[in-house]
Amino acid sequence: MKVALAEKQFRKDACLSPEAIQVRQALIEKGIETPLVDNQLSNEQKYNKIKASLTDVVATLGLDLSDDSLAETPHRIAKMFVDEVFSGLDYSRFPKISIIENKMAVEEMVKVSDIAFTSTCEHHFVTIDGLAKVAYIPKDHIIGLSKINRIVRFFAQRPQVQERLTQQVLVALQSLLGTEDVAISIEATHFCVKARGVMDASSSTQTSAYGGKFKTSKSARREFLA
């Protein structure tokens, strides 16, 4: 049984890009990978099980699934979970990364600001709406600018806590670029705070993570935060 499962995992990993495998391994080594269990289900099987479960949830709430406005709700939610808002759980969807040799000998900070993302609170499964700022100081390689946005959004498309999301983006970029000199800050509104519980519509949460020169140099950190 263990051999069969190992073989299935090997075939699954063979479908992943080297960058996806590299990033996943880096997160595991740092202890910041999203808590995952390989249930051996295909996306179609996940969709069918979620749809069936959501049918029970909607019916339990007393809503009439024969109404034309509600009839497709379990289908819509199941499709949304598997194909959209939680697609970042599937490393086969890790963005194609363009890592370029630093032939121009760029030594100054590269910073991308106002990266808009939408994530989902893993405690309540409601929306996290935020902006990220990411910077790195090139060493031997640089990365296509849009790839930074895509990496942020990949890790956002999971059930998340903001602290882990921040660390995952940091470690992913450090691993891909071969440098510790990476920084990220995130400011986000959590709808589990805004729309339930304390119902505070105006507060936001800020997190940051620094590596290399951004951790040791106050001037580098000031430039990043400016």
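Parameters at a glance
- In this numbering scheme, every chain counts its residues from 1 along its sequence in written order.
- Where local features are concerned, this predicted model is filtered to residues with pLDDT of at least 70; where side-chain atom pairs are given and counted, the filter is 80 or more; whole-chain, interface and lining totals use all residues.
- Note that water and hydrogens are dropped before the side-chain values are worked out from all heavy atoms of the structure.
- UniProt positions are given in the numbering used here, feature names are shortened, and annotations may be inferred rather than shown by experiment.
- By definition, any uninterrupted DSSP run of H or I lasting at least four residues is a helix, any uninterrupted run of E lasting at least two residues is a strand, and each is numbered from the N terminus.
- For this analysis, residues touch if any pair of their heavy atoms sits within 4.5 Å.
- The cut-offs for exposure are 20% and 50% of the maximum accessible area for each residue type, with area from a 1.4 Å probe on protein chains only; residues under the lower value are buried, those over the upper are exposed, and the others partly exposed.
- For this analysis, a polar contact is any N or O atom pair within 3.5 Å, provided that within protein one partner can donate a hydrogen and the other can accept it, and provided that sequence-adjacent residues contribute only side-chain to side-chain pairs.
- For two strands to be treated as a pair, DSSP must find at least two bridges joining them.
- Lines fitted to the C-alpha atoms define the axes, with helices restricted to the stretch that makes contact. Angles between their N-to-C directions range from 0 to 180 degrees.
- A helix's residues, less one, multiplied by 1.5 Å, set its expected span.
- Along the arc lie the directions from the helix axis toward the C-beta atoms.

- Going by what an unreviewed UniProt entry lists, the protein chain is known as GTP cyclohydrolase 1 and is assigned to Agarivorans albus MKT 106.
- Under Subunit (unreviewed entry), UniProt gives the following word-for-word description of the protein chain: "Homopolymer."
- In its Sequence similarities (unreviewed entry) section, UniProt records this for the protein chain: "Belongs to the GTP cyclohydrolase I family."

As for the UniProt feature "binding site: Zn(2+)" (unreviewed entry) in the protein chain
Then step 1. UniProt records the feature "binding site: Zn(2+)" (unreviewed entry) at Cys-121, His-124 and Cys-192, using the numbering of this structure. With the annotated positions falling across 72 residues, the maximum pairwise C-alpha distance of 7.3 Å places them together in a single cluster.
Then step 2. Mapped onto the elements, Cys-121 comes out in strand E2 (residues 110-121).
Then step 3. Contacts of Cys-121, omitting those with residues within four sequence positions, involve Val-126, Ile-128, Gln-160 and Cys-192.
Then step 4. For Cys-192, the location among the structural elements is in helix H7 (residues 191-194).
Then step 5. Ignoring any residue separated from it by four or fewer positions in sequence, one finds Cys-192 in contact with Cys-121, His-124, Val-126 and Gly-197.

Here's the deal with unusual backbone geometry
Then step 1. Non-glycine residue Ala-105 carries a positive phi angle of around 55°.
Then step 2. Its location among the elements puts Ala-105 in the loop between strand E1 (99-101) and E2.
Then step 3. By relative accessible area, which is 49% here, Ala-105 ends up partly exposed.
Then step 4. In this structure, Phe-125 takes a positive phi of about 55° despite not being glycine.
Then step 5. Relative to the elements of secondary structure, Phe-125 occurs in the loop between E2 and strand E3 (127-136).
Then step 6. Its relative accessible area of 44% is what places Phe-125 among the partly exposed residues.

Focus: the UniProt feature "domain: GTP cyclohydrolase I" (unreviewed entry) in the protein chain
Then step 1. Within this structure's numbering, the places UniProt gives as "domain: GTP cyclohydrolase I" (unreviewed entry) are residues 51-225.
Then step 2. Strand forms 26% of residues 51-225 and helix 38%; the C-alpha atoms that close the span are 44 Å apart.

Details of the side chain of Glu-33
Then step 1. Mapped onto the elements of the fold, Glu-33 is located in the loop between helix H2 (18-30) and helix H3 (43-60).
Then step 2. Side-chain polar atoms of Glu-33 contact the side chain of Arg-158, separated by 2.9 Å.
Then step 3. In contact with Glu-33, other than residues within four places in its own chain, are Arg-24, Leu-27, Ile-28, Tyr-91, Arg-158, Arg-164 and Gln-168.

Section: the sheet that holds E2
Then step 1. Strand order in this open sheet of five strands is E5-E2-E3-E6-E7, and the pairing throughout is mixed. The sheet is open, and its two edges are formed by strand E5 (159-160) and strand E7 (205-210), each paired on a single side.
Then step 2. In terms of strand pairing, E2 meets E3 through nine bridges, oriented antiparallel. Bridging across to E3, Ile-115 finds its partner in Ala-132.
Then step 3. Strands E2, E3 and E5 of the sheet are contacted by helix H5 (residues 145-156), whose axis makes an angle of about 20° with E2.

Here we look at H2
Then step 1. Here H2 spans 18 Å end to end across 13 residues, near enough to the 18 Å set by a 1.5 Å rise per residue.
Then step 2. Those residues of H2 that fall on the buried side of the exposure criterion are Ala-20, Val-23, Arg-24, Ala-26 and Leu-27. Within H2, the buried residues cover an arc of 160° as seen down the axis, which keeps them to one side. Turned more than 90 degrees off the buried face of H2, the exposed positions are Pro-18 and Glu-29.
Then step 3. Downstream of H2 by one or two residues, Gly-31 has phi in the positive range, about 75°.

Concerning H5
Then step 1. Helix length check: H5, at 12 residues, gives a terminal C-alpha distance of 18 Å against a target of 16 Å (1.5 Å per residue), a fit within 8%.
Then step 2. Regarding H5, the residues found buried are Lys-147, Ile-148, Ile-151, Val-152, Phe-154, Phe-155 and Ala-156.
Then step 3. If you follow the buried residues of H5, they end up packed against H2, E2, E3, strand E4 (141-143), E5 and helix H6 (162-177).

Some thoughts on the environment of Glu-122
Then step 1. Along the chain, the position of Glu-122 falls in the loop between E2 and E3.
Then step 2. Beyond its immediate sequence surroundings of up to four residues, Glu-122 is in contact with Pro-159, Gln-160, Val-161 and Arg-164.
Then step 3. Here the side chain of Glu-122 touches Arg-164 through a polar contact of 2.7 Å, side chain to side chain.

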